[in-house]
Amino acid sequence: DQQVKQNSPSLSVQEGRISILNCDYTNSMFDYFLWYKKYPAEGPTFLISISSIKDKNEDGRFTVFLNKSAKHLSLHIVPSQPGDSAVYFCAASASRFGSSNTGKLIFGQGTTLQVKP
Amino acid sequence: DVKVTQSSRYLVKRTGEKVFLECVQDMDHENMFWYRQDPGLGLRLIYFSYDVKMKEKGDIPEGYSVSREKKERFSLILESASTNQTSMYLCASSSGGVGTGELFFGEGSRLTVL
């Protein structure tokens with residue numbers, strides 16, 4: 001049972017435009033969400049996170065939006081750059097079960113973003 | 001600079017062989033994890049450890065075991081490798097704490113079982 005889903009395996013955008021990556025979750029206990037970025041032959045690196053007490057978090061070109069009622073979050077990259085081309089993973093944790101203390105995360109399947117020059 | 005180091009980037013093993021994947025972190029993190037990454041399935045948690053000599057099963061522990069004898073080292077063991085364990089294995093660590101959740105990953109070990 002996939003608790004965190006990224007339904008789009010791939011996304012292609014033009015340099016300078018907005019990239020929107022989507023993520024849905026099913027477990028209402030999740031209260032902390034993260035995005036990771038992964039280049040080929042490298043481990044994933046942390047990008048941005050959001051707590052369930054917020055609905056938006058910004059860090060430079062990256063913004064994450066959380067819609068708790070829809071159990072949906074999205075990552076916006078504006079403007080997109082060719083160096084953003086990578087696989088993006090959405091992840092979630094539930095602090096009530098102590099997983100935020102242990103750092104245990106549930107990941108989605110990933111979305112491959114290609115930004116064309 | 002924080003670092004999680006996985007001992008082997010690429011391994012090729014035969015069915016039935018015992019396989020050890022080693023991971024070392026230099027950040028004094030309490031928590032360590034082993035994930036595997038497969039196309040279309042994302043990252044799936046195999047085992048994790050929140051303290052020395054402690055271990056917890058993740059979502060797909062079957063066919064694997066782990067060892068954490070020292071805080072900085074977390075080993076993944078495939079007792080008898082099978083072809084369906086061909087995958088990219090990722091080790092990670094975190095310092096824990098409520099609301100943090102940030103994992104630091106190693107570069108991965110790509111295992112092929114023939």
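What counts, and where the lines are drawn
- Residues numbered from 1 in each chain as written.
- Chains lettered and ligands numbered in written order.
- Predicted model: local features only at pLDDT ≥ 70, side-chain atom pairs only at ≥ 80, totals over all residues.
- Heavy atoms only, no water.
- Helix = DSSP H or I, 4+ residues; strand = E, 2+ residues; numbered from the N terminus.
- Buried < 20%, exposed > 50% of the residue type's maximum accessible area, 1.4 Å probe, protein only.
- Contact = heavy atoms within 4.5 Å.
- Areas by Shrake-Rupley, 256 points an atom, 1.4 Å probe, with all protein chains shown as cover.
- Lys, Arg positive; Asp, Glu negative; His and termini not counted.
- Charge placed at Lys NZ, Arg CZ, Asp CG, Glu CD.
- Salt bridge = Lys/Arg side-chain N within 4 Å of Asp/Glu carboxyl O.

**Quick word on the overall build of chain A**
Reasoning step 1: What chain A contains, in helices and strands, is one helix and 11 strands.
Reasoning step 2: Seen along its three principal axes, the alpha-carbon backbone of chain A occupies a region of about 45 × 30 × 25 Å.
Reasoning step 3: Counting the 117 residues in chain A, one finds 47% classified as buried.
Reasoning step 4: The long-range fraction of contacts in chain A, counting pairs at least 24 apart against all pairs at least 6 apart in sequence, stands at 57%.
Reasoning step 5: Total accessible area computed for chain A in this model is approximately 5,400 Å², and 48% of it derives from carbon and sulfur atoms.
Reasoning step 6: Positive and negative side-chain charges in chain A, numbering 12 and 9 respectively, have mean positions lying 3 Å apart.

**Considerations on the pattern of salt bridges**
Residue and element names in this part refer to chain B.
Reasoning step 1: Per the counting criterion, the structure on display carries 10 salt bridges over all chains.
Reasoning step 2: The residue E79 makes a salt bridge to K18 at a minimum N-O spacing of 3.5 Å. Taken together, the residues E79 in the loop between β8 (73-78) and β9 (87-94) and K18 in the loop between β2 (10-13) and β3 (19-25) connect sequence positions 61 residues apart.
Reasoning step 3: By relative accessible area, E79 is classed as partly exposed at 44%.
Reasoning step 4: Its relative accessible area of 43% is what places K18 among the partly exposed residues.
Reasoning step 5: R44 serves as the salt-bridge partner of D38, at 2.9 Å between the closest nitrogen and oxygen.

Function cannot be inferred from these measures alone, as they are strictly geometric.
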